[in-house]
Amino acid sequence: MKKKQTRLLVIMIVTFLFQACSLVPLTGRRQLSLVSDADMLSMSYGQYDQFLKENRMSFNSADTNEVKRVGRNIQNAVATYFARNNMSKELNGFAWEFNLVENKEANAWCMPGGKVMVYSGILPLAQNETGLAVVMGHEIAHAVAKHSNERMSQALVSQLGGQMLAQALKQKPQQTQQIWMALFGVGVQLGAVLPYNRLQEGEADRLGLIFMAMAGYNPKAAIAFWLRMSQKAGTQPPEFLSTHPSDKKRLAKITAAMPEAMKYYKK
Ligand SMILES: [Zn+2]
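A brief structural summary.

Thresholds, definitions, all that
- Residues numbered from 1 in each chain as written.
- Predicted model: local features only at pLDDT ≥ 70, side-chain atom pairs only at ≥ 80, totals over all residues.
- Heavy atoms only, no water.
- Salt bridge = Lys/Arg side-chain N within 4 Å of Asp/Glu carboxyl O.
- Helix = DSSP H or I, 4+ residues; strand = E, 2+ residues; numbered from the N terminus.
- Buried < 20%, exposed > 50% of the residue type's maximum accessible area, 1.4 Å probe, protein only.
- Donors = N, O, S within 2.8 Å, 3.2 Å for Na, K, Ca; no water.
- Pairing = 2+ DSSP bridges.
- Phe/Tyr/Trp six-rings, centres within 6.5 Å; stacked < 30°, edge-to-face > 60°.
- Lys NZ or Arg CZ within 6 Å of the ring centre and 35° of its normal.

### Some remarks on the pattern of salt bridges
Close approach of charged atoms allows side chains of opposite charge to pair. Within this structure, the stated rule accounts for 10 salt bridges. A salt bridge links Asp37 to Lys146, with the shortest nitrogen-to-oxygen separation between them at 3.3 Å. Remark: Lys146 occurs in the loop between α5 (129-144) and α6 (147-160) and Asp37 occurs in helix α2 (residues 37-54); sequence separation between them is 109 residues. In this structure, Glu201 and Arg250 form a salt bridge, with 2.6 Å as the shortest nitrogen-oxygen distance. With a gap of 49 residues between them, Glu201 in helix α9 (residues 198-214) and Arg250 in helix α12 (residues 248-262) connect regions that are remote in the sequence. The pair Glu201 / Arg250 is uniform in exposure class, with both members buried. When salt bridges with common partners are traced through the structure, they connect Arg29, Glu150 and Glu203 into a single cluster.

Okay, here's the thing in structure tokens:
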């Protein structure tokens, strides 16, 4: 009898997890998605506003305008492509925002819903608008592919498991909020959103190339950018490099993804 109950429970959990999956746009990868978009976005927007209050945004209007311009170009290109392909609902609730924080760290991140933060320290590495599009395209790809929801979901499953999980999701947001803070809160205070896993990094590279190409930026600039990053891997590696290791494997994958991205690039 006990065995039968356990089996039933396992089947229920597997069914539940299967239903709680979604597909990543363009790559079609199935990902775990347990937290609602509404919950993800409200946590993200709260945290982003807090960051804006606690940090000084850049006074350099040329640099700030460049960040906002690149961001808007990519946003518009993604929105247009998604609308043409009946995928606009993937971007529901997005409240895009692009800012440049005065901070010597070479870093950038994007929170759920398109809340992008570029650190002034990364501009010399980006070198120009196209280099900046490499960074921002990659970060925007994490948000469009909803990698944060996936990470939250994986953390929920591994920390809570079966029945507890169902409970936690019913009684959210307290439990989910705690995991959010563990994943993002500390990271943002230290100046970086905690690292994504390798699979997500690879996916963000691939989608990032496509998104920058759609926005009219030559994706081939990504190879030079990541080479510049890897050359900085000495004694004081940039913050961005610690969460985005630029090794031979990464460069090889980016090179392999280039023909696909070039199809979206029209000059
Ligand atoms: Zn990344």
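Next, the rest of the story.
### Digging into the coordination of the zinc ion
Bound to the zinc ion on the protein side are His138 (NE2), His142 (NE2), Glu201 (OE), Glu201 (OE) and His244 (NE2), at distances that span 2.1 to 2.6 Å. Going along the chain, you hit the donors of the zinc ion in the pattern H-x3-H-x58-E-x42-H. Taken together, the residues span a long stretch of sequence, with His142 in helix α5 and His244 in the loop between α11 (239-243) and α12 at a distance of 102 residues. Note on His142: relative accessible area 1%, which makes it buried.

### Side note on the pairing of strand β5 (residues 115-119)
Among the five residues that make up β5, five are buried, leaving the element largely enclosed by the rest of the structure. Burial along β5 is two-sided: Lys115, Met117 and Tyr119 and Val116 and Val118, pointing in opposite directions, are all buried. Sheet topology places strand β4 (residues 108-111) next to β5; four bridges connect them, and they run antiparallel. Its bridge partner being in β5, Met111 is matched across the sheet by Lys115.

### Re the side chain of Ser120
With respect to the helices, strands and loops of the structure, Ser120 is situated in the loop between β5 and α4 (123-126). For Ser120, a relative accessible area of 17% corresponds to the buried category.

### Here we look at the packing of aromatic side chains
Under the definition given, this model contains nine aromatic pairs. Ring geometry for Tyr48 versus Trp109: centroids 6.0 Å apart, planes at 90°, classification edge-to-face. Remark: Trp109 occurs in strand β4 and Tyr48 occurs in helix α2; sequence separation between them is 61 residues. On the accessibility criterion, Trp109 (2% relative accessible area) is buried. Here the aromatic rings of Phe94 and Trp96 are separated by 5.1 Å at their centres, their planes lie at 50°, and the arrangement is tilted. On the accessibility criterion, Phe94 (15% relative accessible area) is buried. These aromatic residues form a ring-pair network of at least three members: Tyr48, Phe51, Trp109 and Tyr119. When the ring centre of Tyr196 is taken as reference, the NZ or CZ atom of Arg151 above it lies at 4.6 Å.

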